[in-house]
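Overview (structure and organization)
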Amino acid sequence: MAIFANIGVAQNPSSEGQWSGPFTLGLFSNPPTVPVFDFNHAIVGNAPIIDYEIGHCCLIPQTNTVLVWNPQQTQFTPTGSFCSWYNDRTYRVWIVDPINQSFQTIDLFQVSPVDSDMFCSGHTWRKDGTLLIVGGNAGGQSTVVNSCIPSVRFANEGYIFDPATLTFTKTTMNKNRWYPTAFTQDNDSSFVIGGTPIQEWEYLPFGTSNWILESDPTNQTPFQSYPRIVQLSSGALFTAQDQANSYQAIESWTFTTSSPKLLKTHAALAQYHREDGTAVILHKQGANGLDRVIAFGGGPHASVGIAGTPLLPIPQTPTSIGAPYDSLKTVEEFYNFDPTGANPPSVQKKLQNSTNTGLNSFRQFCNSVTLPTGKVLLVGGAKNDYQWAINTGQPGAVGPIPILTPELFDPGSASNLDGSTQNMADQRVPRVYHSTSLLMPDARVLSMGGENVAGFLASRESFEIFSPPYLFQGARPRITVAPPASITYGNPISLTADSLNGLSKVVLIRPGAVTHAFDADQRYIELAFTSTQSGRVYSISATAPADSKIAPSGYYMLFVVSATSATITDGIPSVAAWVHL
């Protein structure tokens, strides 16, 4: 353990925050031995499961627990390729309680036969608190007992997980999808787009079992792998980046959601290829309401270099393995969206070589977590596109150069969009490709999983919990009279809070459902509110979001945040109350 001495321990928690952990759950302490197949599906031996990093993490509404899952793979011989494990029709998921460091195992074969590996799937929390999981590996062929890379079969299966009964109900899409993005629309439909190499998108109206397939009439939609798409308050859909390996200028597209047809192409709004970058949407209610979509990091796919020069100039000087493999430090913000889609949004670029320095570190494969204060915590990642550089055998290719130092990004106000960033306390364990991070109801941040990095404690099934600086700056406000369990659009929300330092914000945050450095479900909504004070007791009347375009139906965490002061830099959030909208 000496390797971790003085790593992850903040010298000043009130300014840098503090990590607890790492904690190892022991999910795979005794991995079973299973058959190993060759490319003709013949058994050639036996081996233990070797690839088991946790790559999907979803906060279960009304709890402090998360649903997690992973690939379950054995290794081919002699090629070294991987094969998904289905020999006994078992696919395991876990409900993890990070606070109590415990877990519960669910074997899906006890519920119904599983036809696909849910790894590399998309997921979204639905109106009724169930989780839709769509796509993944090896789809739709019940006679197939394994799926082999590179001959990967993409899955058209989906599963609806009910936390109340711990059961999974199967659903079937029109298209097989691998790396799709899924989220809940304003009409309560579950929307799915992307999934290599599918161009069409589809949606499942709530309360039905039939998926509806749509396509771009111009046949130009480039979305493939986990497009970073969010729903704007106008109801349109917007993407700041895409994961497609198309080596073309990343474009921003706007859709409608009532009938999802392409409205407008905004060419080259994003100035850099952001493979494995991340993005968030922030929304403030009231007269000064503003949608702000912010894209962070990412980088060019290594194959761009195979074809010649990078797509667009990369402003940094490579420090490790050379262009075009280094990640980006750039931040781009999109705002002033035209509801009709006729005009492109405004773009605020934050480049590392300009007056505004952007991020402090090159970041790829990092996660972005919106905090109750409205700031965004960037967790983990690597400085380089190590995976593809190694796989393509490029000169000078090295393993991951992990980033242990998180950054807290302050997007500024609606009138000051410059933003700023601050380094936080170092993590103890690298969290690179396939890692996950999300906000917990106690306003801490869970960071989990990821591929192993040589020289560090195994990260695949371990987790850490980050306490941001606001938890070391004084007494937390407390919600003493909870809001109604069910709230309705546009109506008042009554609650009472005890706060020594006043109140500055009432916010709604949707429970996380994160994978591959992105959470399409993540929504931060600052509510308009008034309050009356009696000593340190505040009677609050907040206004619920106007409609489901701003906040899709479902469960939300409601936080109250104290005022700032000379010693309270961001405001201090309460523990969340769960509400259903």
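That block above? That's the structure.
Computed from a predicted structure; not experimentally measured.

Parameters at a glance
- Residues numbered from 1 in each chain as written.
- Predicted model: local features only at pLDDT ≥ 70, side-chain atom pairs only at ≥ 80, totals over all residues.
- Heavy atoms only, no water.
- Helix = DSSP H or I, 4+ residues; strand = E, 2+ residues; numbered from the N terminus.
- Buried < 20%, exposed > 50% of the residue type's maximum accessible area, 1.4 Å probe, protein only.
- Contact = heavy atoms within 4.5 Å.
- Pairing = 2+ DSSP bridges.
- Axes fitted to C-alpha atoms, helices over the stretch in contact; angles between N-to-C directions.
- Core = buried A, V, L, I, M, F, W, Y, C linked by side-chain atoms within 4.5 Å.
- Phe/Tyr/Trp six-rings, centres within 6.5 Å; stacked < 30°, edge-to-face > 60°.
- Lys NZ or Arg CZ within 6 Å of the ring centre and 35° of its normal.
- Polar contact = N/O pair within 3.5 Å; in protein donor to acceptor, adjacent residues only side chain to side chain.
- 1 Å grid on protein atoms, 1.4 Å probe; cavity = no way out; pocket = protein on both sides within 12 Å on 5 of 7 lines; lining within 4 Å.
- Points joined across faces, edges and corners; volume = space filled by probe spheres on them.
- Nonpolar A, V, L, I, M, F, W, Y, C, P; charged D, E, K, R; others polar.

Another point: the overall build of the protein chain. When its secondary structure is counted, the protein chain shows 3 helices and 41 strands. The buried share among the 581 residues of the protein chain stands at 60%. Sequence-distant contacts in the protein chain: of pairs separated by 6 or more residues, those separated by 24 or more amount to 61%.

Here 8 strands make up an open sheet; going across it, the order is β25-β24-β23-β22-β37-β35-β40-β41 and the pairing mixed. The two strands at the open ends of the sheet, each matched to only one other strand, are β25 (346–350) and β41 (577–580). Neighbouring strand axes in the sheet, compared pairwise and without regard to direction, differ in orientation by 25° on average. Where strand β22 (residues 278–284) meets strand β37 (residues 524–526), 3 bridges bridge the pair, whose relative direction is parallel. Considered in β37, the bridge of Leu282 is made with Tyr524.

Turning our eyes to something else, we now look at the environment of Ser346. Secondary-structure assignment places Ser346 in strand β25. For Ser346, a relative accessible area of 25% corresponds to the partly exposed category. For Ser346 and Phe334, which are 12 residues apart along the polypeptide, the C-alpha to C-alpha distance reads 5.6 Å. The contact partners of Ser346, leaving out residues within four places of it in the chain, are Glu333, Phe334, Tyr335 and Asn336.

Time to look at the pairing of β22. Judged by how many residues are buried, β22 sits mostly within the fold: 6 of 7 residues are covered. Taken together, the 7 bridges between β22 and strand β23 (residues 290–296) define a ladder with antiparallel strand orientation. Note on β23: the bridge partner recorded for Ile281 is Val293.

A few words now on the nonpolar core. Among the nonpolar cores identified, the biggest contains 48 residues, and Phe296, Leu446 and Met448 are the most heavily contacted of them. Among the elements that make up this core, the one with the highest residue count is strand β27 (residues 376–379) (4 residues). Those residues in contact with Leu446 that sit more than four places away from it in its chain are Cys57, Val66, Pro98, Thr436, Ser437, Leu438, Met440, Phe463, Glu464 and Ile465. With 26 residues, the next largest nonpolar core counts Ile60, Cys120, Tyr433 and Ala513 among its residues.

Taken as a whole and judged by the stated rule, the model has 10 aromatic pairs. Ring centres of Trp178 and Tyr179 lie 4.7 Å apart, and the angle between their planes is 70°; this geometry places the pair in the edge-to-face category. Judged by relative accessible area, Trp178 falls into the partly exposed class, the value being 21%. In this structure Tyr179 comes out as buried when scored by relative accessible area, which is 13%. When the ring of Phe296 is compared with that of Phe409, the centres are 5.2 Å apart and the planes differ by 80°; the resulting orientation is edge-to-face. Taken together, the positions of Phe296 in strand β23 and Phe409 in strand β28 (residues 407–410) put the pair 113 residues apart, joining distant regions of the chain. Each member of the pair, Phe296 as well as Phe409, is classed as buried. One aromatic cluster in this structure is built from Trp178, Tyr179 and Tyr226. Over the ring of Phe362 we find Lys329, and its NZ or CZ is 5.3 Å from the ring centre.

The strands that make up a sheet pair up through hydrogen bonds in the backbone, lying either parallel or antiparallel. The strand order β26-β27-β28-β29 describes an open sheet built from 4 strands, whose pairing is antiparallel. Pairing within the sheet leaves two strands with one partner each, and these edge strands are β26 (367–370) and β29 (420–423). Geometrically, the sheet is characterised by an average inter-axis angle of 25° between neighbouring strands, direction not taken into account. For β28 and β29, the ladder comprises 4 bridges, and the chain directions are antiparallel. What sits directly across from Leu408, in β29, is Gln422.

A separate point is the side chain of Arg177. Checked against the element boundaries, Arg177 lands in strand β13 (residues 167–177). Polar contacts involving the side chain of Arg177 include one to the main-chain carbonyl oxygen of Gly194, which spans 2.6 Å. At 2.9 Å, the side chain of Arg177 and the backbone oxygen of Glu200 are in polar contact.

The computed volume of the second largest pocket comes to approximately 440 Å³. Arg292, Gly412, Ser413, Lys505 and Glu526 are the residues nearest the centre of the second largest pocket, which is lined by 22 residues in total. Looking at the lining of the second largest pocket, the elements that each hand over two or more residues are β22, β23 and β37. The biggest single contributor to the lining of the second largest pocket is β22, with 3 residues. Classifying every residue of the lining of the second largest pocket by side-chain character gives 6 nonpolar, 9 polar and 7 charged.

Backbone torsion omega between Gly21 and Pro22 reads 10°, so that peptide bond is classified as cis. Mapped onto the elements of the fold, Pro22 is located in strand β1 (residues 18–24). Within the chain, Ala443 stands out as a residue other than glycine whose phi angle is a positive 75°. By secondary structure assignment, the location of Ala443 is in the loop between β30 (435–439) and β31 (445–449). The class for Ala443 is buried, based on a relative accessible area of 0%. Backbone geometry at His516 places phi at a positive 50°, although glycine is not the residue there.

Moving on, we come to the environment of Tyr91. If you trace the backbone, Tyr91 turns up in the loop between β7 (82–84) and β8 (92–97). Tyr91 sits 17 residues away from Leu108 along the chain, and the two C-alpha atoms are 5.5 Å apart.

The subject of this paragraph is the pairing of β41. Because side chains alternate across β41, one face comprises the buried residues Ala577 and Val579, and the other comprises Trp578 and His580, equally buried. Summarising the sheet, strand β40 (residues 555–561) and β41 pair through 4 bridges and their orientation is antiparallel. Across the sheet, the residue bridging to Tyr555 is His580, located in β41.

So, about the side chain of Gln427. Within the secondary structure, Gln427 sits in the loop between β29 and β30. Exposure remark for Gln427: the relative accessible area of 0% places this residue in the buried category.

Before going further, it helps to examine the environment of Ile60. Within the element layout of this structure, Ile60 appears in the loop between β4 (56–59) and β5 (66–69). Here the alpha-carbon distance between Ile60 and Ala513, two residues 453 residues apart in the chain, equals 9.0 Å. Those residues within four positions of Ile60 in sequence are excluded, and the remaining contacts are Thr65, Val66, Leu67, Ile95, Trp125, Phe161, Pro163 and Trp578.

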